[in-house]
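# Remarks on the overall topology
Okay, here's what each chain looks like letter by letter:
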Amino acid sequence: LLKEWLVNHPFILSVLDSKGLEFDDVVVAFNLDRSSWKVGDTAETVVLSMLRELYVAITRAKRRVIILVKKGSDTMLDFLSRLSCGLDYHHNSTELFSEFNNSTSADQWLQRANQLFVEERFDVASRCFEKAKSDSMCFWARGRHFGKMKDKKQARYYFIQASEMFHKSSNHERVLDVASDLLEVVSWKENPPQFIRDVIFMESFAKCPHHLRHAIHLKIRMFLDSWDEVSIAEIERHKVVVDRRR
């Protein structure tokens, strides 16, 4: 029952990933007995670490919290009872999970995803977009996540996939937005970046010629070797870096 419920309903995050987020209901799988608590730490440090993690996890909920306790884990039950928080103990999981059996709508996932995207929490945003069935935004968010992680190969892959998806839906401005991100993860030494000459980009560029910032226009012209359209004054004014070999 628990496995089925986890697959169909919740959004699964580590405690670290969940920081700064809020949900109506939260299920906490907290293992008090895990060995990592005890490696190279004093008892006091271990307790403080557990309390910090548990506090962050519990305070993500705006309404209700379920704390899953491993069967036979007397340590965990004893720990929770000492908190004196007025917890209710349930042994009938079917009855308990039926109260939480409300699916989050696609619109709700999309609203949360857009908020996270603006906050530049791209990894979590991509998973929310995936739940919302917004594949193009999911791939764009993943590209930005890998860009932040300095993984240019993965970033470029997801950016290109996203641009193709946006193009299929005739969202030319989004194609150009993704192209702008692509320019940050490609090397001047490429001969030249294929996406700049791609029909998808060129068509979107032609339909929305004023969408991108002027500095981005300059970069694109230089990638295309359109030097007759670029002046030295423009390069200096916008501080566009030009490869020495040019």
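Attention here is on the structure that accompanies the text. Residue indices follow the written sequence of each chain, beginning from 1 at its first position. Only residues with pLDDT of 70 or above have their local features reported here, since the model is predicted, and side-chain atom pairs are shown and tallied only from 80 upward, although totals for entire chains, interfaces and linings are computed over all residues. Excluding hydrogens and water, the side-chain figures rest on all heavy atoms present in the structure.

### What to know about the packing of aromatic side chains
Pairing of aromatic side chains requires ring centres within 6.5 Å, counting the rings of Phe and Tyr and the six-membered ring of Trp. Pairs whose planes differ by under 30 degrees are stacked, by over 60 edge-to-face, and all others tilted. Summed over the entire model, instances satisfying the criterion amount to eight aromatic pairs. Note on Phe117 and Phe129: the rings are 6.1 Å apart at their centroids and 70° apart in plane angle, and the pair reads as edge-to-face. Here the residue Phe117 occupies a position in helix H6 (residues 106–118), and Phe129 occupies one in helix H7 (residues 122–131), the gap between them amounting to twelve residues. Neither Phe117 nor Phe129 differs from the other in exposure class; each is buried. Aromatic side chains Phe139 and Tyr158 sit 5.3 Å apart centroid to centroid with 75° between the ring planes, which places their arrangement in the edge-to-face category. A residue pair is termed long-range when its members are at least 10 positions apart, and Phe139 in helix H8 (residues 135–148) and Tyr158 in helix H9 (residues 152–168) qualify at 19 residues. Put simply, the rings of Phe117, Phe122, Phe129, Trp140 and Phe166 pair up and form one aromatic cluster. The rule is short: NZ of Lys or CZ of Arg within 6 Å of the ring centre and within 35 degrees of the ring normal puts a charge over the ring. Positioned above the aromatic ring of Phe23, the side-chain terminus of Arg112 is 4.9 Å from the ring centre. Each helix is a run of DSSP H or I of at least 4 residues and each strand a run of E of at least 2, with the numbering of both proceeding from the N terminus. Each residue gets one of three labels from its accessible area relative to the maximum for its type: buried under 20%, exposed over 50%, partly exposed in between, using a 1.4 Å probe on protein chains only.

### Here we look at the pattern of salt bridges
Salt bridges, as used here, are contacts in which a Lys or Arg side-chain nitrogen is within 4 Å of a carboxyl oxygen on Asp or Glu. One pass over the structure, following the stated rule, counts five salt bridges. Between Arg127 and Asp17 there is a salt bridge, with its nearest N and O atoms 3.5 Å apart. In this pair, Arg127 is assigned in helix H7 and Asp17 in helix H2 (residues 15–18), connecting sequence segments 110 residues apart. Classification of Asp17 as partly exposed rests on a relative accessible area of 25%. The salt bridge involving Asp177 is made with Arg174; its shortest N-O contact spans 3.0 Å. Pair noted here: Asp177 and Arg174 are both in helix H10 (residues 172–182), with a separation of three residues, about one helical turn. Three or more residues are tied together by salt bridges with common partners; here these are Asp17, Asp123 and Arg127.

### So, the nonpolar core
As used here, the term nonpolar core means buried Ala, Val, Leu, Ile, Met, Phe, Trp, Tyr and Cys residues forming a set that is joined through side-chain atoms within 4.5 Å. Residues Val28, Phe117, Phe129, Trp140, Phe159 and Phe166 are the most contacted members of the largest nonpolar core, which totals 39 residues. Only strand E1 (23–29), helix H3 (43–58), helix H4 (74–81), H6, H7, H8, H9 and H10 provide two or more residues apiece to this core. Formed by nine residues, the second largest nonpolar core is a distinct cluster that contains Leu176, Leu183, Cys208 and Ile216.

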